[in-house]
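# Commentary on secondary and tertiary structure
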Amino acid sequence: MPSRTMMRHALLAGLMALAPACATTAAAPATSAVAGDVLRDPAAMRALAVRMADWQLARLDGSHVARASRETGDPRAWEQAVFWVGLTHLADAAGTPPRIGQAVLDMGRRTGWQPGRLPYFADDHVITQAYLWAAENGGGEEARGPARATFDKVLADRPKSTLAFVVPPEGYSAAECLVRWCWCDALFMAPPALAELSNQTGDPRYRDFATAEFWATTDFLYDPVEQLYYRDSRFFERRDDQGRKQFWSRGNGWVFAGMARMIPLLPEGSADRLRMEGLFQEMAARLATLQKDDGYWAPSLLAPEGSPPEASGTAFYTYGMAWGIKAGLLDAATYRPAAERGWAALTRAVQPDGGLGWVQQVSDRPEQVAASDTQYYGVGGFMMAAAAMADLHEGS
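This structure is a prediction, so every number in the text was calculated from the model and none was measured.

## Some details on the overall build of the protein
Within the protein, the secondary structure is distributed over 14 helices and 2 strands. For a compact globule of 396 residues, the expected C-alpha radius of gyration is about 21 Å, and the protein comes in at 20 Å, within 12% of that figure. Per-residue burial for the protein yields a buried fraction of 60% across its 396 residues. Taking the intrachain contacts of the protein between residues at least 6 apart in sequence as the baseline, contacts between residues at least 24 apart amount to 68%. Taken as a whole, the protein presents about 15,000 Å² of accessible surface, with 53% of it coming from carbon and sulfur.

## Quick word on the state of the cysteines
Taken as a whole, this structure holds 1 disulfide when the rule is applied. Covalent S-S linkage joins Cys177 and Cys182, the inter-sulfur distance amounting to 2.1 Å. One disulfide, between Cys177 and Cys182, carries an S-S torsion of 60 degrees and so falls in the right-handed class. Each of the two residues, Cys177 as well as Cys182, counts as buried. With no disulfide of its own, Cys184 has Cys182 as its nearest cysteine by sulfur position, at a separation of 10 Å.

## A look at the packing of helix H10 (residues 249-262) against helix H11 (residues 271-290)
Where H10 meets H11, the axes come as close as 10 Å, and the angle between the chain directions of the two elements is 140 degrees. In terms of axis orientation, H10 runs oblique to H11. Judged by the twist between their axes, the crossing of H10 over H11 is left-handed. Side by side, H10 and H11 meet where Asn252, Val255, Phe256, Met259, Ala260 and Met262 of the first sit next to Met276, Leu279, Phe280, Met283, Ala284 and Leu287 of the second. Tallied by class, residues from the contact of H10 with H11 come to 11 nonpolar, 1 polar and no charged.

## Here we look at the nonpolar core
Note on soluble globular proteins: their nonpolar side chains tend to be buried together. Phe188 and Tyr229 are the most contacted members of the largest nonpolar core, which has 125 residues in total. The greatest single-element share of this core, amounting to 12 residues, is contributed by helix H14 (residues 376-393). In this structure Tyr229 touches Cys184, Leu187, Phe214, Thr218, Leu221, Tyr222, Phe247, Asn252, Val255, Leu279 and Met283, once residues within four positions along its chain are discounted.

## Focus: the packing of aromatic side chains
Any aromatic ring pair is given by two values, namely how distant the centres are and how the planes are angled relative to each other. Within the structure shown, the criterion is met by 22 aromatic pairs. Geometrically, the ring pair formed by Tyr230 and Phe247 is tilted, given 4.7 Å between the ring centres and 40 degrees between the ring planes. Note that Tyr230 is positioned in the loop between strand E2 (228-229) and H10 and Phe247 in the loop between E2 and H10, a separation of 17 residues in sequence. Arranged with centres 4.5 Å apart and planes meeting at 5 degrees, the rings of Phe256 and Phe280 form a pair that is stacked. Of the two residues, Phe256 is situated in helix H10 and Phe280 in helix H11; the sequence distance between them amounts to 24 residues. You'll find Phe256 and Phe280 in the same group, each marked buried.

## Observations regarding the environment of Val179
Here Val179 lies in the loop between helix H6 (127-156) and helix H7 (186-189). Note on Val179: relative accessible area 32%, which makes it partly exposed. Each C-alpha atom of the pair Val179 and Gly320 lies 27 Å from the other, and the pair is 141 residues apart in sequence. Those residues in contact with Val179 that sit more than four places away from it in its chain are Tyr120, Pro159 and Ser161.

## So, the pattern of salt bridges
All chains considered together, the criterion is met by 22 salt bridges. Between Glu367 and Arg67 there is a salt bridge, with its nearest N and O atoms 3.1 Å apart. With Glu367 in the loop between helix H13 (332-348) and H14 and Arg67 in the loop between helix H3 (42-57) and helix H4 (78-92), this pair connects stretches of sequence that are 300 residues apart. For Glu367, a relative accessible area of 27% puts it in the partly exposed group. The partner of Arg231 in a salt bridge is Asp232, and the shortest N-O contact between them spans 2.9 Å. Both residues of the pair, Arg231 and Asp232, count as buried.

## Quick word on the packing of H4 against H14
It is at 7 Å that the axes of H4 and H14 come closest, and there the two elements cross at 20 degrees. Overall, the two elements H4 and H14 adopt an arrangement that is roughly parallel. When you trace H4 past H14, the crossing you get is left-handed. Between H4, through Trp78, Glu79, Gln80, Val82, Phe83, Gly86, Leu87, His89 and Leu90, and H14, the contact on the second element is made entirely by Tyr376, Tyr377, Val379, Gly380, Met383, Met384 and Ala387. Looking at the contact of H4 with H14 residue by residue, the class counts come to 11 nonpolar, 4 polar and 1 charged.

## Re H10
An ideal rise of 1.5 Å per residue puts 20 Å on 14 residues; H10 measures up with 20 Å between its terminal C-alpha atoms. Counting buried residues along H10, 14 of its 14 residues qualify, which places the element largely inside the surrounding structure.

## Details of the environment of Leu287
As for its position among the elements, Leu287 is in helix H11. In this structure, the C-alpha to C-alpha distance between Leu287 and Ala338, residues 51 residues apart in sequence, is 9.3 Å. If near-sequence neighbours (up to four positions away) are discounted, Leu287 is found in contact with Leu228, Phe256, Trp297, Leu301, Tyr317 and Met321.

The rules we used
- Residues numbered from 1 in each chain as written.
- Predicted model: local features only at pLDDT ≥ 70, side-chain atom pairs only at ≥ 80, totals over all residues.
- Heavy atoms only, no water.
- Helix = DSSP H or I, 4+ residues; strand = E, 2+ residues; numbered from the N terminus.
- Rg over C-alpha atoms; globule rule 2.2 N^0.38 Å.
- Buried < 20%, exposed > 50% of the residue type's maximum accessible area, 1.4 Å probe, protein only.
- Contact = heavy atoms within 4.5 Å.
- Areas by Shrake-Rupley, 256 points an atom, 1.4 Å probe, with all protein chains shown as cover.
- Disulfide = S-S within 2.5 Å.
- Axes fitted to C-alpha atoms, helices over the stretch in contact; angles between N-to-C directions.
- Parallel < 35°, antiparallel > 145°, perpendicular 65-115°, else oblique.
- Left-handed = near helix turned anticlockwise from the far one by under 90°.
- Nonpolar A, V, L, I, M, F, W, Y, C, P; charged D, E, K, R; others polar.
- Core = buried A, V, L, I, M, F, W, Y, C linked by side-chain atoms within 4.5 Å.
- Phe/Tyr/Trp six-rings, centres within 6.5 Å; stacked < 30°, edge-to-face > 60°.
- Salt bridge = Lys/Arg side-chain N within 4 Å of Asp/Glu carboxyl O.
- Expected span 1.5 Å × (residues − 1).

In structure tokens form, the structure reads like this:
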């Protein structure tokens, strides 16, 4: 019987020959030249991402997710919304079939372009990033209107809360600070939507609010010694059995990828853009030192020993570094090897059925991961990484 590794190589090798409707069909025998193309050829990278997008689009009810919640199958909730954001990156890539962008438009029409249910909760804002892409790609004002109404409400009655994360007896979701960006994940979820809305409408108030709150969160959660973000204030004093601070890989990945999305939306030469570019470069330098020899980043960034592969944090770091090199913010000689190792690791996380494995499930801290663990946000991050890596390889 072929090993799991042989099956995965066969999947990658047979990628271009498989029809979109046959996501789980056995792949052709592996050949090193074809498998290698996924690491070097931009068209093969994008094709791999399209195959995975088709795989995920065929599984939108959440039944394939190991730790599904009541929100897992909801396109407006953050788990799935990050997948739709990833689809917009893929839709913008050269040679992507029109069905990818059409899937985003169809989803938005099904949801009536409505954000998530809580107007002040950043996780319920991430889907508006896909809607705003749609507004510029066939959806028009209909796609933009509900997002603008939500953010107008936020600006008219700005949330007032400390950023300290205190869980009351009623439970996590009742934490008072959740009306603001008191957890680092929020810096991916909301700021790019607000900045994009300013660019589409010409109203700077959305961007100004986003940058002010971004810096408030950064001043509170960023550790200038480690050059990493705590997930939230509950982790300030947490240490492992070796006395090391706990910095969650996907949490920092949210921030790093969020900055890569946010920076190009800020006015060139502005104080906020220059400051964010400097923070992005500082964080990239630290992250490059923490990548493991196998190309992954550990779920707990300072605790690599014995750690499993983890695809979601790795996808966001790979995306951010590839984007940063292409944008001229990161030195290619220094960071391209890290991006290439990250991408190679991500291709090894592709499972025999065409999905993405080794994705840590929903959490707020490092946990164990299995090869069969997948999630929409991991696939979204993979598509972002694939599009950015293909762009980096274009013409090189």
